[in-house]
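Coordinates in review
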Amino acid sequence: MKITKKITKKVMQIAAAGFFIALSSLFCSCMTARVEPEADCSVLEIVQMAQDSYDKGNTADALYYYDVLLSRYGTDASVYVEGRYEIAHIHFKAKDYEKAAPIYEEIIAIFNSVMPGTLPEAYRKLSINDYSKIPQKFKSAEN
């Protein structure tokens with residue numbers, strides 16, 4: 001009887017270990033590797049990749065995709081402002097004000113130096129709004 005209980009207990013331990021190994025491999029297989037944007041990906045496609053990554057909690061990939069966006073399409077001022085704002089906003093949401101503040105300052109300076117209506121006005125308003133919430137110690141002396 002004691003031997004049967006020991007064998008049953010051992011079988012249950014092995015089964016439980018197998019279950020946890022299978023469960024772990026399931027979670028690992030669900031994790032996806034970063035997908036490199038195709039050379040012909042549009043601005044919208046890259047932005048969508050970044051937003052999807054951020055929505056899944058993967059800020060490193062989101063930042064990577066915004067960097068790709070800027071390297072490929074950053075000569076377009078509208079795309080540049082959008083990409084820089086999104087990078088700043090990710091840092092802002094993470095309370096990494098040291099990284100966010102100078103980007104917001106750059107965006108605000110860009111809007112102050114261009115003719116109104118040249119760039120998407122929403123990014124100026126959003127940048128000013130977020131920037132106003134950053135503690136003063138992270139802002140440059142000029143602001």
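Calculation notes
- Residues numbered from 1 in each chain as written.
- Predicted model: local features only at pLDDT ≥ 70, side-chain atom pairs only at ≥ 80, totals over all residues.
- Heavy atoms only, no water.
- Helix = DSSP H or I, 4+ residues; strand = E, 2+ residues; numbered from the N terminus.
- Contact = heavy atoms within 4.5 Å.
- Axes fitted to C-alpha atoms, helices over the stretch in contact; angles between N-to-C directions.
- Parallel < 35°, antiparallel > 145°, perpendicular 65-115°, else oblique.
- Left-handed = near helix turned anticlockwise from the far one by under 90°.
- Nonpolar A, V, L, I, M, F, W, Y, C, P; charged D, E, K, R; others polar.

**Description of the environment of Glu-86**
One can find Glu-86 in helix α4 (residues 77–93). Once the C-alpha coordinates of Glu-86 and Ser-127 are considered, the two residues, 41 residues apart in sequence, prove to be 9.7 Å apart. Non-local contacts of Glu-86, meaning those with residues more than four positions away in its chain, are made with Tyr-66 and Tyr-123.

**What about the packing of helix α2 (residues 43–55) against helix α3 (residues 59–73)?**
As a packed pair, α2 and α3 sit with axes 7 Å apart at the nearest point and diverge in direction by 165°. Of the possible angle classes, the one that applies to α2 and α3 is roughly antiparallel. Two packed elements cross with a definite hand, and for α2 against α3 that hand is left-handed. Contact residues: α2 offers Val-43, Ile-46, Val-47, Met-49, Ala-50, Gln-51, Ser-53 and Tyr-54, while α3 offers Thr-59, Asp-61, Ala-62, Tyr-65, Tyr-66, Val-68, Leu-69, Arg-72 and Tyr-73. Tallied by class, the residues present in the contact of α2 with α3 amount to twelve nonpolar, three polar and two charged.

In short, the description is geometric, and any link to function would need to be established separately.
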